[in-house]
Number of protein chains: 2
Amino acid sequence: MPQLGLLPRKAWAALLSQILWSPYTACTRAVSSHSQVAEAVLTSQLNPNQEKSDFIIKTPKGTRDLSPQQMVVREKILGMVVSCFKRHGAKGLDTPAFELKELLTEKYGEDSVLIYDLKDQGGELLSLRYDLTVPFARYLAMNKVKKMKRYHIGKVWRRESPTIAQGRYREFYQCDFDIAGQFDPMIPDAECLKIMCEILSGLQLGDFLIKVNDRRILDGMFAVCGVPESKFRAICSSLDKLDKMSWKDVRHEMVTKKSLAPEVADRIGDYVQRHGGVSLVEQLFQDSRLSQNKQVLEGLRDLKLLFEYLTLFGIAEKISFDLSLARGLDYYTGVIYEAVFLQTPNQAGEESLRMGSVAAGGRYDGLVGMFDPKGHRVPCVGLSIGVERIFSIVEQRMKVFGEKVRTTETQVFVATPQKNFLQERLKLIAELWDAGIKAELLYKNNPKLLTQLHYCENMGIPLVVIIGEQEMKEGIIKLRSVASKEEVTIKREHLVAEIQKRLSDS
Amino acid sequence: MPQLGLLPRKAWAALLSQILWSPYTACTRAVSSHSQVAEAVLTSQLNPNQEKSDFIIKTPKGTRDLSPQQMVVREKILGMVVSCFKRHGAKGLDTPAFELKELLTEKYGEDSVLIYDLKDQGGELLSLRYDLTVPFARYLAMNKVKKMKRYHIGKVWRRESPTIAQGRYREFYQCDFDIAGQFDPMIPDAECLKIMCEILSGLQLGDFLIKVNDRRILDGMFAVCGVPESKFRAICSSLDKLDKMSWKDVRHEMVTKKSLAPEVADRIGDYVQRHGGVSLVEQLFQDSRLSQNKQVLEGLRDLKLLFEYLTLFGIAEKISFDLSLARGLDYYTGVIYEAVFLQTPNQAGEESLRMGSVAAGGRYDGLVGMFDPKGHRVPCVGLSIGVERIFSIVEQRMKVFGEKVRTTETQVFVATPQKNFLQERLKLIAELWDAGIKAELLYKNNPKLLTQLHYCENMGIPLVVIIGEQEMKEGIIKLRSVASKEEVTIKREHLVAEIQKRLSDS
């Protein structure tokens, strides 16, 4: 997927300035509403040869078009995200939309059923990518890259039963930043959390919290609680549902669906209620059962170091060590994290239930090795920004506050009050285009002046050039400001310079 | 697909400045070479449960990853293309990667066999989009949009037998600009050609020529030559191969494969040899047979008007009326065009054979109606920039002239000669990041100073901040220019300001 330029801070501020907080409940309405696209029954000549089949014109289930308004918001948000990734020295990378089917198997645990396969039309068996992480690992292994800091923005596809009201789509953008390579512990991990903080604060969408945990601590906890090792991943993905389900329901799933002994589930329950800062790390070092487990100790030691670095980065207070955080994906091996917006800081739990995560990631040291013939490992840590959720929030706020976004950047409109003046208008606008000025005219031989001026007002075009017979004769031209309705008369040959001056001043 | 910001002219100039013309033959070598990716046989734990299956790690046939170097080139070229589209008042739009299979049928003529279908996993039958035009028409019909000027940059997928040496991939970017709506004749059509000229000149990749023809003239020509109407589209797509095959071979295909009468083929042959400017239009008005055909006359009248507008736009000399231009796609109904780079202006034919088109488009007034239940028509005209070919040319030239592109934008590197100085480095770099400065450090507790300085030279990072015990004590810091190796000592608290000053100066 193509990348973006740096976002002019001004433009962004302008976009968000009037946008205040609006409850997320409203937000969900918006998402569902702009998914209710106009539909039309097609009874026409689609298959002229066969008998006409009634069928709905629509986008595939769980997908949608992005309107020009939505594109403007995306461009701004993605521009901000990319500029942050570049600020941290990331390179761009792109991979194909589909991969060899075999490459994607055994990577996503229970979610593998959500992978889109392509039809076998002869040749290779292919699947649409499910995320950007596995393709990145495949790229590293395939090209024997041992070290890389890259970002990737692109669409991924998942056959979710689309509860679009929750903003879940079957096609959506991912924005990933990953650091591959063997480095001293927790330095890249800390930078990933710093990046999440920079982006989430930069968006000015309210306060947020990042939950952190470690797969080794989870597995060690499972072990000491008496979960059979064969069930680790399955129990993990049950636990992952804690942000959507209550502990009671998760426990029920563990006991019934995953046939876990009730007392084992309860032991897990004792732990996963706990969260806090580095103090909780210290506390668990003292835990009689956990402190017996080698994996847990490794995890705790790293988390302690991580919090030290987070403090140096000045973001420690944004991070909460949360034993309930599991993350669904199989490939995580170390620290994992997930960010949520808070309506008010003291309602973290509740809010995260309502809203879901807006950024997440973790360490996956084994994934690249799975693709390497000799199993050579390339440790990786990364993050993914939940831009779709962020888009929904911003779009909804703009809706609530009646924000109007310009969907074009046209600076000058070429108008005339005269009949049969198309030739002059065409000559003039070509001159503006060739000077790099963004200009439009109406595709009519004889448009009414009023129609032309209304077009400018509706489209928010700031300047109008007006040319007529009289002006032609005198070698002059009228330049009109749409907002103030002021008109000045200038020499024809000074037009481009004058326009450029005005545009640079504004 | 995400969109791009305006390309800083300087950066672009810098990129292309040293790039001179290199023969296209060399270009093809490059494309094939960077498609020969490192491959690795996977004998590892991909399917730990099953017996290990040897299998190659690769991207699917006809696809490739885009390296950071390639991404930089793309970002610049796409930025330039988008800024031109915006200069002409276009809005952004995005559509899903796949569409309902039925929507794509009967749109692409013989090429329909190249469409990728998704596997039926229950639910709708889906296909990957083949171009961006049909989804645009679907969007207009579905949302009852009667007027729209939009651009769309995104990947499309075609199951070509990938002769990658010719730069043909199964996944590639399209950059489309289209004008939908009922307007006075040929004004939007002329603007599309103007846009193609602005982009192709802006790229500074050598001289180019745009061939123009009209489907009505083609059909009329077929009629007067005695082609049965049922064969129009089939003969059209044979004719379309004239840029890859000689007339002799095309004629052979028409006669044998499409069972066209030899004398009819020869009559076509007489016409399709001809090309020229507006003069040829006048000439054909006089042609005894063609002038009898109503469709031909309509087409000629529009072409005459088109050339009038192209003259006003100052691009008439770039356009050649060429009766051999057919365009493969079924949906064109009026003017069609195709741009080729010329090695030298007097070798147009030869060069176009070697190189293929780098931009193309035309008018398709019937497509939207095919999606509208009541068959309401929305006339459209548009263009598509062949960015993949353009990428290949630029990449090859950079290769030939050893151009090095920076793949990161890092401005400052934070270094230390001291052991155990990680904490200070982390505090310092966080300060830079928070000030919006692009900064990196090595993820090591105790890196060697030389290693750190080499990293800056290799990555082209202009500035290094050096901090050590002595500096700490005195509350100062060293700022070093990597290029000149000059070091200045400044007050610690002035660091950010000084860096920002230097960056804005450079």
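Residues numbered from 1 in each chain as written. Chains lettered and ligands numbered in written order. Predicted model: local features only at pLDDT ≥ 70, side-chain atom pairs only at ≥ 80, totals over all residues. Heavy atoms only, no water.

Draft legend 1. Spatial organisation of the environment of L205(A). Looking at the element boundaries, L205(A) is found in the loop between α6 (187-202) and β8 (208-214). Between the C-alpha atom of L205(A) and that of I429(A), which follows or precedes it by 224 residues, the distance is 41 Å. (Helix = DSSP H or I, 4+ residues; strand = E, 2+ residues; numbered from the N terminus.)

Draft legend 2. How the structure looks around the sheet that holds strand β16 (residues 463-466) of chain B. All names here are of chain B. A sheet is described by the order of its strands in space; here five strands give the open sequence β15-β14-β16-β17-β18, paired in mixed fashion. Across the chains shown, the open sheet's two edge strands, defined by having one partner strand only, are β15 (439-440) and β18 (487-491). Here strand β14 (residues 412-415) runs beside β15; their pairing, made up of two bridges, is parallel. From the neighbouring strand, V412 faces β15, where its bridge partner is A439. (Pairing = 2+ DSSP bridges.)

Draft legend 3. Region of the structure containing the domain arrangement of chain A. Each assigned domain of chain A is listed here: domain 1 (68-342 + 354-401) and domain 2 (412-505). For domain 1 of chain A versus domain 2 of chain A, the separation of C-alpha centres amounts to 53 Å. (Domains from an automatic or database assignment.)

Draft legend 4. Examining the relation of the copies chain B and chain A more closely. Superposition record for chain B on chain A: RMSD 0.0 Å, screw rotation 180°, translation along axis 0.0 Å. The symmetry that links the two subunits is that of a two-fold axis. Mapped onto chain A, 100% of the interface residues of chain B again fall at the interface, so both copies present the same surface. (Least-squares fit on C-alpha atoms with pLDDT ≥ 70 in both. Contact = heavy atoms within 4.5 Å.)

Draft legend 5. Focus on the side chain of S291(A). Residues and elements named next belong to chain A. Relative to the helices and strands, S291 resides in the loop between α11 (278-286) and α12 (294-312). By relative accessible area, which is 19% here, S291 ends up buried. There is a polar contact of 3.3 Å between the side chain of S291 and the backbone oxygen of S288. Reaching out from S291, the side chain makes a polar contact with the side chain of Q292 at a distance of 3.5 Å. If near-sequence neighbours (up to four positions away) are discounted, S291 is found in contact with L284, F285, Q286 and L297. (Buried < 20%, exposed > 50% of the residue type's maximum accessible area, 1.4 Å probe, protein only. Polar contact = N/O pair within 3.5 Å; in protein donor to acceptor, adjacent residues only side chain to side chain.)

Draft legend 6. Looking closely at the packing of aromatic side chains. In this structure the tally under the stated criterion is 22 aromatic pairs over all chains. Relative to F183(B), the ring of Y443(A) lies with its centre 5.0 Å away and its plane at 70°, an arrangement referred to as edge-to-face. Taken together, the positions of Y443(A) in the loop between β15 (439-440) and α17 (449-459) and F183(B) in the loop between β7 (171-180) and α6 (187-202) put the pair across two chains. Grouped by ring-pair contacts, the aromatic residues Y108(A), Y130(A), Y331(A), Y332(A) and Y364(A) constitute a single cluster. (Phe/Tyr/Trp six-rings, centres within 6.5 Å; stacked < 30°, edge-to-face > 60°.)

Draft legend 7. How the structure looks around the sheet that holds strand β11 (residues 335-341) of chain A. All names here are of chain A. Across the sheet, nine strands lie side by side as β3-β6-β7-β13-β12-β11-β8-β10-β9; this open sheet has mixed pairing. The open sheet has two edge strands with one neighbour each: β3 (91-92) and β9 (275-276). Sheet analysis places β8 next to strand β10 (residues 319-322), joined by three bridges and oriented parallel. The residue of β10 that forms the bridge with V212 is F321. Helix-sheet contacts for α6 involve β6 (148-157), β7 (171-180), β8, β10, β11, β12 (359-363) and β13 (380-385), and the interaxial angle to β13 is about 10°. Each of β7, β11 and β13 touches helix α15 (residues 387-400); the most contacted strand, β7, lies at about 125° to it. (Axes fitted to C-alpha atoms, helices over the stretch in contact; angles between N-to-C directions.)

Draft legend 8. How the structure looks around the pairing of β13(A). Residue and element names in this part refer to chain A. Of all six residues making up β13, six are buried, and the element is well covered by its neighbours. What you see with β13 is no split at all: C380, G382 and S384 on one side and V381, L383 and I385 on the other are buried throughout. Looking at chain direction, β7 and β13 are connected through six bridges and run antiparallel. The residue of β13 that forms the bridge with F177 is L383. The pairing of β12 with β13 spans five bridges and is antiparallel. Within the sheet, the bridge partner assigned to G361 lies in β13 and is L383.

Draft legend 9. Spatial organisation of the environment of K149(A). As for its placement among the helices and strands, K149(A) is situated in strand β6. Sequence separation of K149(A) and C380(A) is 231 residues, and the distance between their C-alpha atoms is 9.6 Å. The residues touching K149(A), leaving out its near neighbours within four places in the chain, are H88(A), G89(A), A90(A), K91(A), F177(A), D178(A), I179(A), E191(A), E440(B) and Y443(B). In this structure the side chain of K149(A) is engaged in a polar contact, spanning 3.2 Å, whose partner is the side chain of Y443(B).

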